[in-house]
Amino acid sequence: MSRKLEERMMIAGKLEMRIAIAAALALASALVHAQRPLFEDGPRSAAKPAVVFLYPEQVTVPATKPTTIALHFRIAPGLHINSHTPSQDELIPTTLSIPAGSGVRLDGVVYPPGMDFTLPLDPNTKLSVYSGEFTVQARIVAVPGNHLVEARLRYQACDNNACMPPKTITAAIEVIGK
Amino acid sequence: MKRNTLVITTVLFILAAFAWAGWANWEYRRQAAERLQATATQGELVLDASGVPQYLSPLQGKPAPPFTLEDLSGNKVSLASFKGHALAINFWATWCAPCKIETPWLIDLRNQYAAQGFEVLAVSADDIDRNDPKKFSDEKQEIARFVQRMKMPYPVLIDADSISKSYDGLDALPTSYFVDRNGTVVAVQLGMTTKEELEKNIKKALGIVK
């Protein structure tokens, strides 16, 4: 093999080694990051909401005509909320409302069907729940103009071991009646 | 050269596998913490020996905050009247499915340890509306029906909301405070666990175990 070719191969080998070392260091730093404590910032202050409103932030609808809009929500992982038609009377259903005086009236709501769910320690009791993301179809009637509507979603969330008190969150939507 | 490449590739593969395992473990712990964060507010999250987040109440080791609440017949019942008893102050609600699972365990354990001076005070967190007498009466009847169905033999009090601030905010049910005969909170259980865990905490309250 010529001397030049040998030198080139040595340089390539050293370069290869340097790239490998850099990659190993990057992976090692990822390992360190993954092992850091979850609570190094100290005790937590406020609880995150179990359900959040995702979208839409703004809709345009024909004024004075009933129009259906889809409201999208997300439930925190590991939690579920009762559907609009829970399996037992004492359970609190998920409901949507719009306060009076906003210029937008709620004409009707179609809720998604609930999913059958049982707690691991009570397999004989079937619950009807939502989990993950879900969509509520709200039929609204808006007077002409721009309206900031604060729709309200009332729900009651649980995980497999505990339940949170019923809560109401606001879904703020700008409704433009044209 | 080829051998070098093979060694380097193998080492990188092993490191990548470790990195993935580390990420997966962190992601699992983050989701567990997120779930717990969604249910707990005023307590601290601390890691137990296995690195899993656990709830530590600010009331642990402190005197149980005093209260006087009504039972379903309208009689006033105070915590002070149970001085000298070991207690489980159990916060629950009719809409709480895990509470329905836990209640039969509490009943069994209360009956087992009652002779040793143990009692359960069940405090309902169901909403009540004192401003509307008819609604208030209906709400109490609904709680009473539930109590009868579950055959709770111990005192049942209403209006947990009125004392929630002194008891960590009560943002998750069931929550139980185990109180020893001196009135000190020796254990707090957030959420349903197991009958064995309940019994362990009852024994702590009775002073049988530490």
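Residues numbered from 1 in each chain as written. Chains lettered and ligands numbered in written order. Predicted model: local features only at pLDDT ≥ 70, side-chain atom pairs only at ≥ 80, totals over all residues. Heavy atoms only, no water.

Student: Please explain the environment of A80 of chain B as it appears in this structure.
Tutor: Here A80 of chain B is to be found in the loop between β4 (76-78) and β5 (86-92). Separated by 18 residues in sequence, A80 of chain B and P98 of chain B have C-alpha atoms that sit 29 Å apart. (Helix = DSSP H or I, 4+ residues; strand = E, 2+ residues; numbered from the N terminus.)

Student: Got a minute to help me understand the pairing of strand β2 (residues 58-61) of chain A in this structure?
Tutor: Side-chain direction in a regular strand flips from residue to residue, so the side chains alternate between the two faces of the sheet. Residue and element names in this part refer to chain A. Only one face of β2 is covered, namely the face carrying V59 and V61; the face carrying Q58 and T60 is uncovered. Inspection of the sheet shows β2 paired to strand β12 (residues 167-177) by four bridges, in the parallel sense. Of the residues in β12, the one forming a bridge with T60 is I176. (Buried < 20%, exposed > 50% of the residue type's maximum accessible area, 1.4 Å probe, protein only. Pairing = 2+ DSSP bridges.)

Student: Looking at this model, I keep getting lost on the sheet that holds strand β8 (residues 175-179) of chain B. Mind explaining?
Tutor: Sheets are built from strands that pair by backbone hydrogen bonding, the pairs being arranged parallel or antiparallel. Residues and elements named next belong to chain B. Here we have five strands laid out as an open sheet, ordered β7-β6-β5-β8-β9, and mixed in their pairing. The outermost strands of the open sheet, each flanked by one partner alone, are β7 (156-157) and β9 (185-190). One ladder, built from five bridges, connects β8 with β9; its direction is antiparallel. When the sheet's bridge partners are listed, Y177 is paired in β9 with V188. Across the sheet, helix α4 (residues 195-206) touches β5, β6 (118-124), β8 and β9, and the angle it forms with β9 is around 165 degrees. (Contact = heavy atoms within 4.5 Å. Axes fitted to C-alpha atoms, helices over the stretch in contact; angles between N-to-C directions.)

Student: For this particular structure, what's the right way to read the environment of P86 of chain A?
Tutor: Residue and element names in this part refer to chain A. Mapped onto the fold, P86 is located in the loop between β4 (80-82) and β5 (95-97). Spatially, the C-alpha atom of P86 lies 8.0 Å from that of G114, the residues being 28 residues apart in sequence. Once you skip the residues sitting within four places of it in the chain, P86 turns out to touch L91, I92, P93 and S128.

Student: What exactly am I supposed to notice about α4 of chain B here?
Tutor: Residues and elements named next belong to chain B. Over its 12 residues, α4 extends 16 Å from the first C-alpha to the last, a length consistent with the 16 Å expected when each residue adds 1.5 Å. What α4 keeps buried is the set L198, N201, I202, A205 and L206. For α4, the buried positions fall inside an angular range of 145 degrees around the axis, keeping them on one side. Buried residues along α4 sit in contact with β5, α2 (97-113), β6, β8 and β9. (Expected span 1.5 Å × (residues − 1). Arc of directions from axis to C-beta.)

Student: Before we go on, may I ask you to explain the packing of aromatic side chains in this structure?
Tutor: Here the distance between the centres and the angle between the planes together describe a pair of aromatic rings. All names here are of chain B. Counting across every chain of the model gives eight aromatic pairs over all chains. Where F91 meets Y167, the ring centres are 5.4 Å apart and the plane angle is 50 degrees; that geometry is what we call tilted. On the criterion of sequence distance, the pair formed by F91 in strand β5 and Y167 in the loop between β7 and β8 is long-range, its members being 76 residues apart. Side by side, F91 and Y167 carry an identical accessibility label, which is buried. Measuring from ring centre to ring centre gives 5.0 Å for Y167 and Y177, while their planes differ by 80 degrees; the resulting arrangement is edge-to-face. (Phe/Tyr/Trp six-rings, centres within 6.5 Å; stacked < 30°, edge-to-face > 60°.)

Student: Would you explain the side chain of T103 of chain B in this entry?
Tutor: Inspection of the secondary structure assignment puts T103 of chain B in helix α2. Here T103 of chain B is in contact with M150, M152 and Y154 of chain B, once residues within four sequence places are set aside.

Student: Could you clarify how one ought to interpret the sheet that holds strand β9 (residues 133-142) of chain A in this entry?
Tutor: Residue and element names in this part refer to chain A. A sheet is described by the order of its strands in space; here four strands give the open sequence β1-β3-β9-β6, paired in antiparallel fashion. Among the strands making up the open sheet, the edge pair consists of β1 (51-55) and β6 (104-110). In this sheet, adjacent strand axes meet at a mean angle of 40 degrees when their direction is disregarded. Where strand β3 (residues 67-75) and β9 come together, eight bridges link them in antiparallel fashion. Looking across to β9, one finds that A70 is bridged to Q137.

Student: Explanation requested: the state of the cysteines in the structure shown.
Tutor: Note on terminology: disulfide describes a covalent bond linking the sulfur atoms of two cysteines. For the structure on display, the rule yields two disulfides over all chains. Between the sulfur atoms of C158 of chain A and its disulfide partner C163 of chain A the distance amounts to 2.1 Å. The sign of the S-S torsion, about 100 degrees, decides the handedness of the disulfide formed by C158 of chain A and C163 of chain A: right-handed. Taken individually, C158 of chain A and C163 of chain A each receive the classification buried, so the pair is uniform in this respect. Residue C96 of chain B pairs covalently with C99 of chain B via a disulfide, S to S 2.1 Å. Across the S-S bond linking C96 of chain B and C99 of chain B, the dihedral sits near 85 degrees, which makes this disulfide right-handed. In this structure, C96 of chain B and C99 of chain B share a single accessibility class: buried. (Disulfide = S-S within 2.5 Å.)

Student: What should I look at first to understand the pairing of strand β10 (residues 145-155) of chain A in this one?
Tutor: All names here are of chain A. Here three bridges tie β5 to β10, and the two strands are oriented antiparallel to one another. Its bridge partner lying in β10, T95 is registered against R154. Taken together, the 11 bridges between β10 and β12 define a ladder with antiparallel strand orientation. Bridge assignment links E150 to a residue of β12, and that residue is A172.

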